[in-house]
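# Observations on chain architecture
What follows is each chain in one-letter form.
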Amino acid sequence: EGALQVFGGYFVEYVYDGGQLRMLESMGDNLEAFMNNMNHLHYVLERGFRSSNFPYFKISPAPAGSGSGFLLAYSSVRGGVLSPLVEGILPVLAQKLHGEKVVMTPMAPEEGFNATWLVSTEREIPTLGSSVVVSSPSLQTNSKESVELPKGTRGKVVKVDPEGDVAIVFDGYSTAKWVFRENFWQLRVTCEEKRRSSSISFWDLHQMFASSIGCCAADSGQNLELVKASATDTIKLDDMVGGLGRSTAEELDRLARLVMETDDPAELLMRAVPARHVAASWDDVAGLD
């Protein structure tokens, strides 16, 4: 059981760092909302992986007097043998995505399910050095010159006073803004160190990739500087794919370096070229192959 729990936590790390962060964030602002969307995600995956058998989850209100949280029931064709995997996944997932601390208390399994837990959640408190994001529709700061920040605004805690209030430097502001403890519910602690940004825009990448496959003309004025790249970082695609011209191989090689430099390769590649150049018409049977 312990090994499955550890593997569950590692699985979250793998998905989180593997280019799926945007997808995970879109599934809910807290763990309960996320789990309410899990069955739909599994349904979509089953359409692509026809032989797969994903588990089914049921979310119910927590019993009266049990505090905040919810009941999570788990059903699988494999029985309860992989239920410890869920116990490893949810705490790591909640901490990384929503800044929530999770306690999963086993309960008597609900009828028709293999396992049931009382899932209690608590928001992580911002501390010195924490990266945070506004999670409510808007946040009114408590500084003398108060500003209203929209949902999604990110910042970093630079000071904590004796009362526990925090000063945060938000994106777009050069000075810190105070947020009192009573407003912490409008903030979410994030793992910002996982979000390295790229200096290459999606337009630059699109122009480079599109020109390499000849789907549209690239602007000759576009100049991509790959400061970190060197000859040793290069993947020579013409060594693997016969018939590629030298110029095409070099452009694809540059694309490979760009992909290796980002934490979100899936997003870069999916936005790199117009859909009409990578998708076939519904009636084009040959193209769909």
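Residues numbered from 1 in each chain as written. Predicted model: local features only at pLDDT ≥ 70, side-chain atom pairs only at ≥ 80, totals over all residues. Heavy atoms only, no water.

## Let's talk about the pattern of salt bridges
Rule in force here: A carboxyl oxygen of Asp or Glu within 4 Å of a side-chain nitrogen of Lys or Arg is what we treat as a salt bridge. A helix here means a DSSP run of H or I that spans at least four residues, while a strand means a run of E at least two residues long, and both kinds are numbered starting from the N terminus. Whether a residue is buried, partly exposed or exposed follows from its accessible area with a 1.4 Å probe, protein chains only, as a fraction of its type maximum: under 20%, in between, or over 50%, in that order.
Evaluation of the coordinates by the stated rule reveals three salt bridges. Of the charged contacts in the structure, one is a salt bridge between D29 and K151, with a shortest N-O distance of 2.6 Å. Taken together, the residues span a long stretch of sequence, with D29 in the loop between helix 2 (21–25) and helix 3 (31–36) and K151 in the loop between strand 7 (148–150) and strand 8 (154–160) at a distance of 122 residues. D29 gets classed as partly exposed once you look at its relative accessible area, which sits at 38%. For K151, a relative accessible area of 45% gives the class partly exposed.

## Points about helix 5 (residues 83–98)
Using the following cut-off: One less than the number of residues in a helix, times 1.5 Å, gives the span that helix is expected to have.
Look at helix 5: 22 Å from first C-alpha to last across 16 residues, which is about the 22 Å you get at 1.5 Å a residue. Across the 16 residues of helix 5, twelve count as buried, placing the element largely inside the fold. S83, P84, L85, V86, G88, I89, L90, L93, A94, K96, L97 and H98 are the residues of helix 5 that are buried. Positive backbone phi, at 60°, marks G99, one or two positions downstream of helix 5.

## Examining the pairing of strand 5 (residues 131–134)
We apply this condition: Any two strands between which DSSP finds at least two bridges are classified as paired.
Burial of strand 5 is two-sided: the residues S131 and V133 facing one way and the residues V132 and V134 facing the other way are all buried. Where strand 5 lies against strand 8, three bridges are found, and the strand directions are antiparallel. Considered in strand 8, the bridge of S131 is made with K156. Taken together, the four bridges between strand 5 and strand 11 (residues 187–190) define a ladder with antiparallel strand orientation.

## Let's talk about a nonpolar patch on the surface
Stated formally: Exposure above 30% relative accessible area and no salt bridge define the residues that can form patches, which grow by joining like charges within 9 Å and nonpolar side chains of Val, Leu, Ile, Met, Phe, Trp and Tyr within 5 Å. Where accessible areas are quoted, they stem from the Shrake-Rupley method and a 1.4 Å probe; at the residue level, only the protein chains shown are allowed to cover.
On the surface, a nonpolar cluster with roughly 480 Å² of combined accessible area is contributed by F7, Y10, F11 and Y14. Checked against the element boundaries, Y14 lands in helix 1 (residues 2–17). Residue class for Y14 comes out exposed when judged on its relative accessible area of 56%.

## With respect to the sheet that holds strand 10 (residues 177–179)
The test is simple: Each axis is a line fitted through C-alpha atoms, taken for helices only over the stretch in contact, and angles between the N-to-C directions span 0 to 180 degrees.
The strand order 10-9-8-5-11 describes an open sheet built from five strands, whose pairing is antiparallel. Looking at the sheet topology across the chains shown, the edges are occupied by strand 10 and strand 11. Looking at each pair of strands side by side, their axes are set apart by 45° on average, direction ignored. Of the pairings in the sheet, the one linking strand 8 to strand 9 (residues 166–170) comprises five bridges and is antiparallel in character. Bridge assignment links K159 to a residue of strand 9, and that residue is A167.

## Describing the packing of aromatic side chains
Any pair of aromatic rings gets described here by the distance separating the centres and the angle formed by the planes. This is how it is decided: Stacked, edge-to-face and tilted are the three classes for Phe, Tyr and Trp ring pairs, Trp counted by its six-membered ring, which pair at centre distances within 6.5 Å; planes under 30 degrees apart are stacked, over 60 edge-to-face, the rest tilted.
Enumeration over the complete set of coordinates arrives at four aromatic pairs. Seen in terms of ring centroids, F7 and Y10 are 6.4 Å apart; in terms of plane orientation they differ by 40°. Their pairing is tilted. Residue F7 and its partner Y10 are located together in helix 1, separated by three residues, close to a single helical turn. Of the residues examined, F7 reaches a relative accessible area of 44% and is grouped as partly exposed. The class for Y10 is exposed, based on a relative accessible area of 51%. When the ring of F57 is compared with that of Y74, the centres are 5.7 Å apart and the planes differ by 50°; the resulting orientation is tilted.

## Considerations on the sheet that holds strand 2 (residues 70–75)
Backbone-to-backbone hydrogen bonds join strands into a sheet, with any given pair of strands oriented parallel or antiparallel. Short version of the rule: By the convention used here, residues are in contact when the closest approach between their heavy atoms is within 4.5 Å.
Overall, antiparallel pairing links the four strands, which are arranged 1-2-4-3 in an open sheet. In the strand order of this sheet, the two ends are held by strand 1 (56–61) and strand 3 (100–107), each with one partner. Across the sheet, the axes of successive neighbouring strands diverge by a mean angle of 30°, strand direction being ignored. Two elements, strand 1 and strand 2, share six bridges in a ladder whose sense is antiparallel. Directly across from P61, in strand 2, lies its bridge partner F70. On the sheet, helix 5 packs against strand 1, strand 2, strand 3 and strand 4 (115–123) and is oriented at approximately 160° with respect to strand 3.

## What about the nonpolar core?
Spelled out, the test is: Note on terminology: a nonpolar core comprises buried Ala, Val, Leu, Ile, Met, Phe, Trp, Tyr and Cys residues joined through side-chain atoms within 4.5 Å.
Counting 26 residues, the largest nonpolar core has L31, L72 and L90 as its most contacted members. By residue number, the principal contributor to this core is helix 5, which donates seven residues. Judged by nonpolar contacts, the second largest core, of 13 residues, contains V132, V166, F170 and F184.

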